[in-house]
Amino acid sequence: MIDLQNVFNEFSSKKIIIIGDVMIDTYIKGKVNRISPEAPVPVVKFESREHRLGGAANVALNIKALGGKPFICSVVGKDDNGKLLEKLINENHLQKEGIIDSDERVTTVKTRIIGNNQQLIRIDNEEAEPISSQLVFSLVQRIKEIAKKEKIDAIIFQDYNKGVLTPKVIEDIISYANENGIPTAVDPKKDNFLAYKNVTLFKPNLKELKDGLDLDFEFKSDDKSVFLNAINELKEKISPKYTFVTLSESGVYINEEDNHHFIPAHLRNITDVSGAGDTVISVAALCLACDLKAELIAEVSNLAGGLVCEKVGVISIDKEQLMQEALDI
């Protein structure tokens, strides 16, 4: 019998590298009382502006909230937004030695304009082209240095298709991790979906699974054969140890060799699904680092994803709340 209290305590000893696209989430909030005379658009009377860490950096915040020590490894622009990102990293007491700044890149910023508590528009300032071969070399070396120096317990690939995770970065780091017994976890996107060969845990959502394999099907709880065929196709192509699929209101699925586990969703007052995937991969990676069995990894991660969906906005998981619910599994 697993002592979950001890598992949660063990989270605090784990060091996790997060590789991927970091960004700034900016929120401009105000009131809308009229339509512009210049064009049929709402006029937002400015009230506040807030900057938050986003993308792979939000995964780092979740790891930190769970007690672990995260190391973000990424490439950002050598620009004003890059300086703002560094300031946010410092304010959140995160490690920054794995972040490389470059004149070749633009720091990604997603700006959301919110009027009367409703998002009206989003403006993305980004460069999504793959990083150069020189930056790939520098990033891979930096990751290996940190992994060796800190005796890293797990590595997360957090992919947003913004160019940091190239096939070369992915291949080199998975190979290094497997040679050194470091478990790896992936939250994939379509562009590099099939590049993550021999990863430990591969965690797409249902849409990403279908897009990544170029399949079109519905998940049916009373007939899972088509879904399981897709899982088998994925296993043939990239050979992950665990395939972990989030299924929204249908819960989650995980396999371990030929054992299939379908875990139903918990009844929740769903408010906002933003950032739930970041939380799920964070919990799954820490559970991997603690050498938990597949079904328990999925159970605890499923709980965590549901908990953050009860809150508005992208927020980090509450460790104590998650632990109390997990103890009731």
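Residues numbered from 1 in each chain as written. Predicted model: local features only at pLDDT ≥ 70, side-chain atom pairs only at ≥ 80, totals over all residues. Heavy atoms only, no water.

K.L.:
Can you lay out the confidence of the model for the protein chain for me, pointing to particular residues and giving the numbers?
P.N.:
In this model, the protein chain carries a mean pLDDT of 89, and residues with pLDDT of at least 70 account for 89%. Low pLDDT, under 50, characterises residues 268-273; the predicted model gives this stretch 18 contacts beyond four residues in sequence or across chains. (pLDDT = per-residue confidence, 0-100. Contact = heavy atoms within 4.5 Å.)

K.L.:
Can you lay out the packing of helix α2 (residues 56-65) against helix α8 (residues 276-289) for me, pointing to particular residues and giving the numbers?
P.N.:
Direction vectors running N to C along α2 and α8 enclose 50°, while the axes themselves pass 9 Å from each other. By the angle between their directions, the pair α2 and α8 is classed as oblique. Helix-helix and strand crossings are classified by hand; for α2 and α8 the assignment is right-handed. Along its contact with α2, which presents Asn 58, Val 59, Asn 62 and Ile 63, the element α8 presents Asp 278, Thr 279, Ile 281, Ser 282 and Leu 286. (Axes fitted to C-alpha atoms, helices over the stretch in contact; angles between N-to-C directions. Helix = DSSP H or I, 4+ residues; strand = E, 2+ residues; numbered from the N terminus. Parallel < 35°, antiparallel > 145°, perpendicular 65-115°, else oblique. Left-handed = near helix turned anticlockwise from the far one by under 90°.)

K.L.:
Can you lay out α8 for me, pointing to particular residues and giving the numbers?
P.N.:
With 14 residues, α8 ought to run about 20 Å at 1.5 Å a step, and its terminal C-alpha atoms sit 20 Å apart, in line with that. The buried fraction of α8 is high, at 13 of 14 residues. (Expected span 1.5 Å × (residues − 1). Buried < 20%, exposed > 50% of the residue type's maximum accessible area, 1.4 Å probe, protein only.)

K.L.:
Describe the sheet that holds strand β7 (residues 118-125), naming the residues involved and giving the relevant values.
P.N.:
Across the sheet, which stays open at both edges, the 4 strands sit in the order β3-β2-β6-β7 with mixed pairing between neighbours. Looking along the sheet, the strands with just one partner apiece sit at the ends: β3 (42-55) and β7. Along the sheet, successive strands turn relative to each other by an average axial angle of 20°, direction set aside. In this structure, strand β6 (residues 108-115) lies alongside β7, joined through 7 bridges in antiparallel fashion. Of the residues in β7, the one forming a bridge with Arg 112 is Arg 122. Packed onto the sheet, α2 meets β2 (22-35) and β3 and runs at close to 65° relative to β3. (Pairing = 2+ DSSP bridges.)

K.L.:
Can you break down the pairing of strand β11 (residues 242-246) residue by residue, with the values?
P.N.:
Judged by how many residues are buried, β11 sits mostly within the fold: 5 of 5 residues are covered. Covered by surrounding structure in β11 are Tyr 242, Phe 244 and Thr 246 together with Thr 243 and Val 245, the residues of both alternating faces. Relative to β11, strand β10 (residues 201-202) runs parallel, the two sharing 2 bridges. Looking across to β11, one finds that Leu 201 is bridged to Tyr 242. The hairpin turn running from β11 into strand β12 (residues 252-256), its antiparallel successor, is 5 residues long, and Ser 248 in that turn takes a positive phi close to 55°.

K.L.:
Pulling in residues and values, what's your account of the packing of aromatic side chains?
P.N.:
The full count for this structure, using the stated rule, is 9 aromatic pairs. Relative to Phe 202, the ring of Tyr 196 has its centre 6.2 Å away and its plane inclined at 50°; by these criteria the two rings are tilted. Residue class for Phe 202 comes out buried when judged on its relative accessible area of 0%. Taking the centre distance of 5.2 Å and the plane angle of 90° together, the rings of Phe 219 and Phe 227 count as edge-to-face. The exposure class of Phe 227 is buried, given its relative accessible area of 1%. An aromatic cluster is defined as three or more aromatic residues linked by ring pairs; in this entry it consists of Phe 157, Phe 193, Tyr 196 and Phe 202. The cationic tip of Arg 52 hangs over the ring face of Tyr 27; the distance from NZ or CZ to the ring centre is 4.4 Å. (Phe/Tyr/Trp six-rings, centres within 6.5 Å; stacked < 30°, edge-to-face > 60°. Lys NZ or Arg CZ within 6 Å of the ring centre and 35° of its normal.)

K.L.:
Could you give me a rundown of the environment of Lys 189, with the residues and numbers involved?
P.N.:
Considering the arrangement of structural elements, one finds Lys 189 in the loop between β9 (184-187) and β10. A polar contact is formed between the side chain of Lys 189 and the side chain of Glu 208, at a distance of 3.4 Å. (Polar contact = N/O pair within 3.5 Å; in protein donor to acceptor, adjacent residues only side chain to side chain.)

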